[in-house]
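Examination of the molecular architecture
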Amino acid sequence: MPRWQLFFVLTAALCGQSAAPAPEIRVNQVGYLPGFPKHALIASSTAGDKFTVKRKGSDRIVFSGQLGPATQDGLSGDTLRSADFTSLTQPGEYVIDVENLGQSYPFVIDANAYERTYYLAMRSFYGQRCGTAVDLGEEFPGYRYEICHTRGQFHPSSGKSGERQSAYGWHDAGDYGRYVVNSGITTGTLLWTYEMFPKRVRDLKLIIPESGNATPDILDEIRWNLEWMLTMQDDDGGVWHKQTSVNFAGFVMPERDTMPSVVIGTGSAPFKNSCATGDFAAVLAIAGRLYKPFDEQFASRSTAAAARAWTWLTQHPNVTFQNPTGVATGGYGDGNCADERLWAAAELWRTTGEASYHDYFKQNYAGSLSQAGSPPGWPSVGGMALWTYVLGAGEQSDAGAVAAIRDTTVKAAKALAERTLSSPYRTTMVASDYIWGSNSVAANYSLLLLVANALQPDPRYVEAAVENLHYLLGRNAFSTSWVTQVGSNPFRKPHHRPSGADRNDEPWPGMLSGGPNRNQTQDNVLRAMPAGLPPMKYWADDQDSYAATEMAINWNAPLV
Ligand code: G3I
Ligand code: 9MR
Ligand code: ZN
């Protein structure tokens, strides 16, 4: 133990506090909302039956209770007992003390408990900006890099050749590529955040270069990526798949990755693909309505680009993408672009009210209807298509379609909320959800639950949505907050090139870990773990585990 740590342990002991938080007490290390269920989960067979909640740093007991019965959790292998302190609603900073065990990590009870987490999670997109110098400023001194990836070229697979522009966009993840498909769901989710909760997020400052102009910071940040997406549309309306180097860079800062950033297509005519073009059309259509009050010109440019993409899509409905020979960066290949096309139709209809989009939607939504009942992800955006149709419904809408979508969504939300509130870890997750990016599955379940609440309000949907946040922020088998620099025991080794290459002790803030991934063959760290562990256990705080600790923009978006 380093001397400074010993010092803290000794002073803590002298002051009558237990030495270090007991990780067996799983809590949301950020906090809980006053009017919501509040549970800590205790994974210890030697703990006594009693627990108390105390003000942090004092012995004043504000709540006492008994632990619930032990339940065996198959997802983690943990035996859990619940400490339910729901009836404590007084705002403050607390710890839980469990008999014969010790004290928990601290947490708050506060109506604004998650405001800083939101700030860091949303600001992390600024930290992914490509084509500009980035500096997190006084709050995070040393978190900076120079302008990067300014050299653009056409790869032969794009159907064009020569130099071209490389500007704007967010680095996708721990790597420096920019991918249209993944940008689609990411940007769409963030735009929806603004559209669904305008009053909540409009005035929250992100401290970005555009702060202080007349546009809400969240929209300014999202626009950085939309501007890149717009550069990915060809003259015929189709949209190329990605702009990356042909191989992944080493663990260097962005400006030290000097490989050209090449526009990559399918390798044969029409070179663009339908999934990327559908996602593009959907997202630019959303932009066309949301930016209108702030920049009318940008809004109409966006709608027009979306409409041209739609026209291309009607001529090329299912051109799929696979990495062409010689390209090793992320694939984001999706064999079915029907859901992307449906999403495009729905958002274009919601923005423009034009009958052709509506006709397409009415004729095709039934084939994707079941997707209203499952969490979205980059390959499956059918839920986004269906929900936007209902969220934007008006007099012209088809009553049958609205009813069917609402019904499917609400039925699913009811079952998912029940499953969440009765599962030992109080998450919506089941074993098959423990895939690459599983933490985004948890977050996207919450997105579904919040959309369902918007379609037919029910506090249990919102409660269940918040339970998944408790899981992500520390109430999990590792007692680790899966968001960098958030909570008192956050993970520290994301697969994220700037975090690995810079001189800062801590990783860049506000980034969600991909999460446990039971597909052990997907990286060497997972492969080295014993076979047959419960799914939640396939995670380690290790930079080399890209299939479990990488960050990605499409995972941070539902966290936001
Ligand atoms: O959809 C299937 C599901 O039906 C099945 O039950 C399950 C069982 O394995 O797999 C699901 O497919 C998974 C797919 O993602 C969709 O979620 C695959 O297993 C999984 O291998 C695949 O992982 C993707 C990974 O790239 C490898 O292709 C991740 O979603 C995706 O986020 C990730 O993206 C990478 C980029 O390529 C490059 N940049 C970093 C980024 C994040 O790691
Ligand atoms: O860093 C890459 C990460 O962003 C991807 O998700 C992952 C899978 O495509 O690949 C990572 O790059 C690794 C490459 O695939 C193999 N050599 C090691 C690279 C990580 O340092
Ligand atoms: Zn860059």
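Reading the values: rules and limits
Residues numbered from 1 in each chain as written. Chains lettered and ligands numbered in written order. Predicted model: local features only at pLDDT ≥ 70, side-chain atom pairs only at ≥ 80, totals over all residues. Heavy atoms only, no water. Axes fitted to C-alpha atoms, helices over the stretch in contact; angles between N-to-C directions. Helix = DSSP H or I, 4+ residues; strand = E, 2+ residues; numbered from the N terminus. Parallel < 35°, antiparallel > 145°, perpendicular 65-115°, else oblique. Left-handed = near helix turned anticlockwise from the far one by under 90°. Contact = heavy atoms within 4.5 Å. Near = heavy atom within 4 Å. Polar contact = N/O pair within 3.5 Å; in protein donor to acceptor, adjacent residues only side chain to side chain. Areas by Shrake-Rupley, 256 points an atom, 1.4 Å probe, with all protein chains shown as cover. Nonpolar A, V, L, I, M, F, W, Y, C, P; charged D, E, K, R; others polar. Pairing = 2+ DSSP bridges. Phe/Tyr/Trp six-rings, centres within 6.5 Å; stacked < 30°, edge-to-face > 60°. Buried < 20%, exposed > 50% of the residue type's maximum accessible area, 1.4 Å probe, protein only. Lys NZ or Arg CZ within 6 Å of the ring centre and 35° of its normal. 1 Å grid on protein atoms, 1.4 Å probe; cavity = no way out; pocket = protein on both sides within 12 Å on 5 of 7 lines; lining within 4 Å. Points joined across faces, edges and corners; volume = space filled by probe spheres on them. Donors = N, O, S within 2.8 Å, 3.2 Å for Na, K, Ca; no water. Tetrahedral: all angles 85-135°; square planar, octahedral: opposite > 155°, others 65-115°. Expected span 1.5 Å × (residues − 1).

Regarding the packing of helix α12 (residues 438-455) against helix α13 (residues 459-472)
The interhelical angle for the contact between α12 and α13, taken along N-to-C directions, is 160°, at an axis separation of 8 Å. Taken together, the axes of α12 and α13 lie roughly antiparallel to each other. Where α12 crosses over α13, the two elements pack in a sense that is left-handed. Seen from α12, the contacting residues are N439, A442, A443, Y445, S446, L449, L450, A452 and N453; seen from α13, they are P459, Y461, V462, A464, A465, N468, Y471 and L472.

Some thoughts on the site of ligand 2
Every residue near ligand 2 is listed here: D175, F248, F251, W436, H495, R497, Y546 and E550. One of the side-chain nitrogen or oxygen atoms of R497 is found 2.8 Å away from an oxygen atom of ligand 2. The contact in question runs from an oxygen atom of ligand 2 to an N or O atom on the side chain of E550, over 2.6 Å. In the complex, 60% of the free accessible area of ligand 2, which totals 450 Å², lies under the protein chains. For the shell around ligand 2, a count of residues per class yields 4 nonpolar, 1 polar and 3 charged.

Remarks on the sheet that holds strand β14 (residues 162-164)
An order of β14-β13-β17-β16-β15 is seen for the 5 strands of this open sheet, with the pairing classed as mixed. Each having just a single partner strand, β14 and β15 (178-179) make up the two edges of the open sheet. With 2 bridges joining them, β15 and strand β16 (residues 242-244) adopt antiparallel strand pairing. The partner of Y179 across the bridge, within β16, is K242.

As for the pairing of strand β7 (residues 79-84)
Examined bridge by bridge, strand β3 (residues 39-42) and β7 share 4 bridges and lie antiparallel to one another. Counterpart to H39 in the pairing with β7 is D84. Pairing of strand β6 (residues 71-72) with β7 involves 2 bridges; the strand directions are antiparallel. Note on β7: the bridge partner recorded for Q72 is T79. Between the end of β6 and the start of β7, which pair antiparallel, lie 6 residues, with G77 showing a positive phi angle near 80°.

Some remarks on the sheet that holds strand β1 (residues 25-26)
In spatial order, the strands read β1-β3-β7-β6; together these 4 strands make up an open sheet with antiparallel pairing. Each end of this open sheet is capped by a strand with a single partner; those strands are β1 and β6. Pairing of β1 with β3, which is carried by 2 bridges, proceeds in the antiparallel orientation. Residue pairing across strands places R26 opposite L41, the latter belonging to β3.

Topic: the packing of aromatic side chains
A full pass over the atoms with the stated rule returns 24 aromatic pairs. Measuring from centroid to centroid gives 5.2 Å for W310 and Y360, while their planes differ by 80°, and the two rings are edge-to-face. Here W310, found in helix α7 (residues 296-315), pairs with Y360, found in helix α9 (residues 355-364); they are 50 residues apart in sequence, far enough to count as distant. Both residues of the pair, W310 and Y360, belong to the buried class. Three or more aromatic residues joined by ring pairs form one cluster here, namely Y471, F478, W482, F491 and W539. Over the ring of F298 we find R223, and its NZ or CZ is 3.8 Å from the ring centre. Here the basic side chain of R341 rests over the ring of W310, its NZ or CZ set 5.6 Å away from the ring centre.

Let's talk about empty space enclosed by the protein
Scanning all chains against the criterion turns up 3 cavities of 30 Å³ or more. Its residues assigned to classes, the lining of the largest cavity comprises 5 nonpolar, 4 polar and 1 charged.

Notes on the coordination of the zinc ion (ligand 3)
Ideal geometry at a metal gives 109.5 degrees between four tetrahedral donors and either 90 or 180 degrees between six octahedral ones. Coordination of the zinc ion (ligand 3) by the protein involves C130 (SG), C148 (SG), H149 (ND1) and H171 (NE2), with metal-donor separations of 2.0 to 2.3 Å. Around the zinc ion (ligand 3), the 4 donor atoms sit at angles spanning 104 to 116°, and that spread fits a shape best called tetrahedral. Counting residues between consecutive donors of the zinc ion (ligand 3) along the chain gives the motif C-x17-C-H-x21-H. Here H171 lies in the loop between β14 and β15 and C130 lies in the loop between α2 (115-123) and β11 (134-135), a separation of 41 residues in the sequence. A single burial state applies to C130 and to H171, both of which are buried.

Quick word on α7
With 20 residues, α7 should reach 28 Å at 1.5 Å per residue; the first-to-last C-alpha distance of 29 Å fits that figure. Within the span of α7, buried status applies to F298, A299, S302, T303, A305, A306, A309, W310, W312 and L313. On its buried face, α7 sits against α5 (217-231), α6 (274-290), α8 (338-352) and α9.

Considerations on unusual backbone geometry
Here A269 and P270 are connected by a cis peptide whose omega angle stands at 10°. Among the structural elements, P270 can be located in the loop between β17 (261-264) and α6. Phi at H149 takes a positive value of approximately 50°, unusual for a residue other than glycine. Of note, Y168 is a non-glycine position whose phi angle comes to about 65°, a positive value. Tracing the backbone shows Y168 in the loop between β14 and β15.

Purely geometric stuff here, so don't read any function into it on its own.
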